[in-house]
Amino acid sequence: MITTDILIIGAGPTGLFTVFEAGLLQLKCHLIDALPQAGGQCSEIYPKKPIYDIPGFPEILAGDLVSNLMEQIKSFQPGFTLGERAETIEKLDDDSFMVTTNKGTKHRAPVIAIAGGLGSFEPRKPLLDNLSFYEDNGVAYMIKDPEIYRDKKVIISGGGDSALDWSIFLADIASEVTLVHRRNEFRGALDSVEKVRLLKQEGKLQLITPAEIIALNGDQKLERVSIRKSDGDREEIIKEVDAFIPLFGLSPKLGPIGDWGLEIEKNAIKVDNTLDYQTNIPGIYAIGDVNTYPGKLKLILCGFHEATLMCQSAYKRIYPDKKYIMKYTTVGGVQGFDGTKKEAPKAVVKKIE
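Fair warning: this is a prediction, and the values are worked out from it, not measured in the lab.

Draft legend 1. Summary view of the pattern of salt bridges. The final tally for this structure, using the stated rule, is 14 salt bridges. In this structure, Glu223 engages Arg224 in a salt bridge whose closest nitrogen and oxygen atoms are separated by 3.3 Å. For Glu223, a relative accessible area of 30% gives the class partly exposed. Among the residues examined, Arg224 registers a relative accessible area of 33% and is labelled partly exposed. One salt bridge in this structure joins Lys270 and Glu263, with 3.4 Å as the shortest N-O distance. When salt bridges with common partners are traced through the structure, they connect Glu263, Glu265 and Lys270 into a single cluster.

This is the structure we're talking about:
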């Protein structure tokens, strides 16, 4: 059986940063994740996708962000149970929790931090008759390595941030990028929409709206895509392509966590955001994209903030009789569990009395 101070369910960016904030309070962490490696979606789905809203980094690849977080928490020596899904939870007599994975691994901790992102998920697929035939033969639902599309003709379909961001990114890699959306308006960031329209004006990207993909064709692999305009005379356009990437988002599912007695709203866990992001079960917190509360924004940045406040509350739960004085790491540095000390400004550190 694995014992720890904070058991973190989900090893994405928010879960990893929780290790750092907990480590500053000298709390040990162990992480469970169904994926075979840490990093969550940033590692599994879009490691080469640039992220623009991490403070101090005008641009950073998702995979590099995960690498930096892993380096940041190394001295706090977190434990990992990877490739296993948190299946059941049991409240013990001493108010701690026992979490068992689908492979029977048992974990015990006084505090549970659910940082499972969107939970388990699968891509939303367009309704095309022969779509499955071309999967992995020209059709992909996520981009792990954009170099695959170098000097290729690519069609992206969708109207959200992922479709916009990848269209912008691949414009400098692919020989031809076409973005198709069923509406003239987009749901993504206004800055990204403006960049797409500018790339269109410069001839670096083709934008077809309002329109939708109606057919895929090719003998052994995808060779042509039929696009139907949704306005005017409903013109049909046939384009030769090497790849079709529908980016319609993910269908999230909480999985077994949804059966733990937590208060759920629209497939997310309700938390108290007035204090510490605790759920309706004392000792169980939810941070990052997996939670919901009034004004919630699903941003990595917000997950970092939630993790910070959650760790403060977790410390008080574990050590109700101890007091501590917060200090900046610029004063005391960061003391790891392995005896190392870094004199780098990172966040805040405490002195236990």
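Draft legend 2. Looking closely at the sheet that holds strand β10 (residues 111-114). The five strands lie next to each other as β6-β3-β2-β10-β22, forming an open sheet whose pairing is parallel. On the outer flanks of this sheet lie β6 (79-82) and β22 (284-286), each paired with one strand and no other. Each adjacent strand pair in this sheet contributes to an overall mean axis angle of 20°, direction not counted. Contacts between helix α1 (residues 13-24) and the sheet are confined to β2 (6-9), β3 (29-33) and β6, with β3 contributing the most and set at about 175° to the helix.

Draft legend 3. Focus on a positive patch on the surface. On the surface, Arg124, Arg182, Arg183 and Arg187 cluster together into a positively charged patch. Assignment of secondary structure puts Arg182 in the loop between β13 (176-180) and α6 (190-201).

About the criteria used
Residues numbered from 1 in each chain as written. Predicted model: local features only at pLDDT ≥ 70, side-chain atom pairs only at ≥ 80, totals over all residues. Heavy atoms only, no water. Salt bridge = Lys/Arg side-chain N within 4 Å of Asp/Glu carboxyl O. Buried < 20%, exposed > 50% of the residue type's maximum accessible area, 1.4 Å probe, protein only. Pairing = 2+ DSSP bridges. Helix = DSSP H or I, 4+ residues; strand = E, 2+ residues; numbered from the N terminus. Axes fitted to C-alpha atoms, helices over the stretch in contact; angles between N-to-C directions. Contact = heavy atoms within 4.5 Å. Patch = residues over 30% accessible without salt bridge, like charges linked within 9 Å, V, L, I, M, F, W, Y side chains within 5 Å. Areas by Shrake-Rupley, 256 points an atom, 1.4 Å probe, with all protein chains shown as cover. Lys, Arg positive; Asp, Glu negative; His and termini not counted. Charge placed at Lys NZ, Arg CZ, Asp CG, Glu CD.

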